[in-house]
Every structure is written in structure tokens, then in C-alpha cells.
Amino acid sequence: MEEVLRVHPHCLMFFVDETGHESFADPNYPVFGLGGCAIMAGAIAAYLRTPWRALKEEYFGGADVRLHASDMRTASQAQLSAIGEFFRRQEFGRFAVTMTGGTQLPANRIAYEIMPGAIRKRCAELASRCQPTLIEVAFIHEESKRGDRFVKRYFGPTFVKVNGQTVKVHQGFMSKARGDEAMEVADFIVNAAGRRALSWSLGDMRPRRDFDAVFGANPLWQSFFHVQQAAVQAA
């Protein structure tokens, strides 16, 4: 039975998904990224869950249909336009950190070891822009047979400061079987970031409509970083 997390309405929720493989094992997609959406708990229904379900009802055959970004290659132009409009209009945060096979990592370090610090910086940026001031923070990762052990090993305790004060932080996992709308949205966000990173690695600097829709709507809503080179910080 999945544990239920109860939070304050002013808890800033970070729903985190991944794209690619942490060792860049897929030669057709040598990308690794973590990212997703950030939204106050009390705003999830109005600004994310309800409009996402309405989009699925109108364009994908039902509000309970499961959507995955990887399936959009066969989507119609009307469906793609509706998804783009959703991301341009809805007021919630989007964040991602990406790497590719060309990213220079420190010797004997893996990509997952670099991710926690980079993700925390993205989250700190979005937390500093929140109105009203957040009361607590929650990081919810989608369950992954391969990735859960890395999250547990490398993320560890997370501390967030708001106006100089440390706030309470929750961490947890959400099962894929739950089919939560926030995790579906997170999947689209991190997939767009991963595809943008892959294009850059191939020397393709042309705009991507999916990335621009997700991360170009409002600079206050987004925090994206592509790691080209990483170094180990001194303790």
C-alpha cells in the first residue's frame, strides 16, 4: 500500500521524472536528465490536474487515458498544438538538468552523483520566486526499478532555505501505477529537455517546438541547465 503524504497547501511540490540512461547506454539517445514540474500543493488541482485532464478528455479520448511523451511521435497536429498550449498557459514551474554522452564528468564518477547538486540549484531558483512564501517542500520521484537505488544513494537529505530560514523537506516516491497527472506532466517536461540536449550534442541549434513550449512560456516559471562539464567540489 502506497504511503499518503499530507502537506500544507503552501508546500512547494517538485514532481521529478527522468529521461534516458544514467550511463548513456542507448546509442540512439545518449542522454540522461532529471526534471519535472513544481507547483504549490494547493494549486495542483486548478493549474495542473484539472486542465491536463480536460486536455486528455478533448484530444486523447478520455481524461483517464495515460499519456507519455515518447508516444507523441504519432500524435496529430491538433493534439500536439493542444499540449503546447497547455504548457504556454498554465502557471507552474518547470525544471530540468540534462547531460549527454559528451558531458565531461570527473574520473570515477557517474552522472547520478552530479545530479543532486544541480537539481537543488534549480529548485532553489524556483522556490525563491514563489508567491505566497512556501511553508515546506516535497520532492516526489517517480518509481523506477533502475533509478530508485541511485536516488536513495545520492540525493540523501535535502535542505531548502527561504528568506534565510530552513524549511521542512519531504522526499518520496510515486508508483507508475497511480497514473498521477503531475507525473505525466513531469514526463513531458524532462523529455523535452532531453530532446533539446540531444539536438545540441549533434550540433543542431535550431529551435524545438516542444522545448520552447515547455520552457519558453515565462522565464519566472522555468529553470533549465545542461551540464557540459562537471567538477568535484571540495568538502
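Okay, so let's go over this structure. No experiment lies behind these values; they were computed from the predicted model shown. Position numbers for residues count from 1 along each chain, tracking the sequence in the order it is written. This being a predicted model, a pLDDT of at least 70 is required before a residue's local features are given, and a value of 80 or more before pairs of side-chain atoms are given or counted; all residues contribute to the totals for chains, interfaces and linings. Hydrogens and waters are ignored; side-chain quantities use all the structure's heavy atoms.

**Re the overall build of the chain**
Note the following rule: Starting at the N terminus, helices and strands are each numbered in turn, a helix being any DSSP run of H or I of at least four residues and a strand any DSSP run of E of at least two. We take the radius of gyration over the C-alpha atoms and set the globule estimate at 2.2 Å times the residue count to the 0.38 power. Relative accessibility under 20% of the residue-type maximum defines a buried residue, over 50% an exposed one, and the middle range a partly exposed one, all with a 1.4 Å probe and only protein chains included. Surface accessibility in these figures is a Shrake-Rupley result with a 1.4 Å probe; residues are shielded only by whichever protein chains are displayed.
When its secondary structure is counted, the chain shows 6 helices and 7 strands. Counting from the amino terminus, the chain carries its helices and strands in the arrangement β-β-α-α-β-α-β-α-β-β-α-α-β. Against the compact-globule benchmark of 18 Å for 235 residues, the chain has a radius of gyration of 17 Å, which places it among compact chains. Taking the principal axes of the C-alpha coordinates as reference, the chain spans close to 50 × 45 × 35 Å. Split into buried and exposed, the 235 residues of the chain put 50% on the buried side. For the chain, the exposed surface amounts to about 12400 Å²; the carbon and sulfur share of it is 50%.

**A short note on the pattern of salt bridges**
Note the cut-off: By definition here, a salt bridge exists when the distance from a side-chain nitrogen of Lys or Arg to a carboxyl oxygen of Asp or Glu is within 4 Å.
All chains considered together, the criterion is met by 14 salt bridges. One salt bridge in this structure joins Arg53 and Asp64, with 2.9 Å as the shortest N-O distance. With Arg53 in helix 1 (residues 44–59) and Asp64 in the loop between helix 1 and helix 2 (77–89), the pair connects residues that are 11 residues apart, well separated along the chain. A salt bridge links Arg53 to Glu181; the shortest N-O distance between them is 3.0 Å. Taken together, the residues Arg53 in helix 1 and Glu181 in helix 5 (residues 181–201) connect sequence positions 128 residues apart. Here the salt bridges share partners, and the residues they tie into one network are Arg49, Arg53, Asp64, Asp180 and Glu181.

**Thoughts on the side chain of Asp148**
Our working rule: For the purpose of counting charges, residues Lys and Arg are taken to be positive, whereas Asp and Glu are taken to be negative. His and the chain ends are not included. Pairs of N or O atoms are called polar contacts if they sit within 3.5 Å, as long as, within protein, a hydrogen donor faces a hydrogen acceptor (for residues adjacent in sequence, only side-chain-to-side-chain pairs). Here a residue-residue contact requires only that any non-hydrogen atoms of the pair lie within 4.5 Å.
Here Asp148 lies in helix 4 (residues 148–154). Buried charged residue Asp148 carries no salt bridge. Nearest counter-charge: Lys152, at 5.3 Å. A distance of 2.8 Å separates a polar side-chain atom of Asp148 from the backbone nitrogen of Ser144. Contacts of Asp148, omitting those with residues within four sequence positions, involve Glu142, Glu143 and Phe173.

**Thoughts on the environment of Arg66**
Relative to the helices and strands, Arg66 is located in the loop between helix 1 and helix 2. C-alpha of Arg66 to C-alpha of Ile140: the two residues are 74 residues apart in sequence and 19 Å apart in space. Sequence-distant contacts of Arg66, defined by excluding residues within four places in its chain, comprise Lys176, Ala177, Arg178, Gly179 and Glu184.

**What about helix 3 (residues 111–128)?**
How we decide: An expected span of 1.5 Å times one less than the residue number is assigned to each helix.
Between its first and last C-alpha, helix 3 extends 26 Å over 18 residues, near the 26 Å set by a 1.5 Å rise per residue. Those residues of helix 3 not exposed but buried are Ala111, Tyr112, Ile114, Met115, Pro116, Ala118, Ile119, Arg122, Cys123, Leu126 and Ala127. Of the surrounding elements, those touching the buried residues of helix 3 are strand 1 (11–20), strand 2 (31–40), strand 3 (93–100), strand 4 (136–142), helix 4 and strand 7 (222–226).

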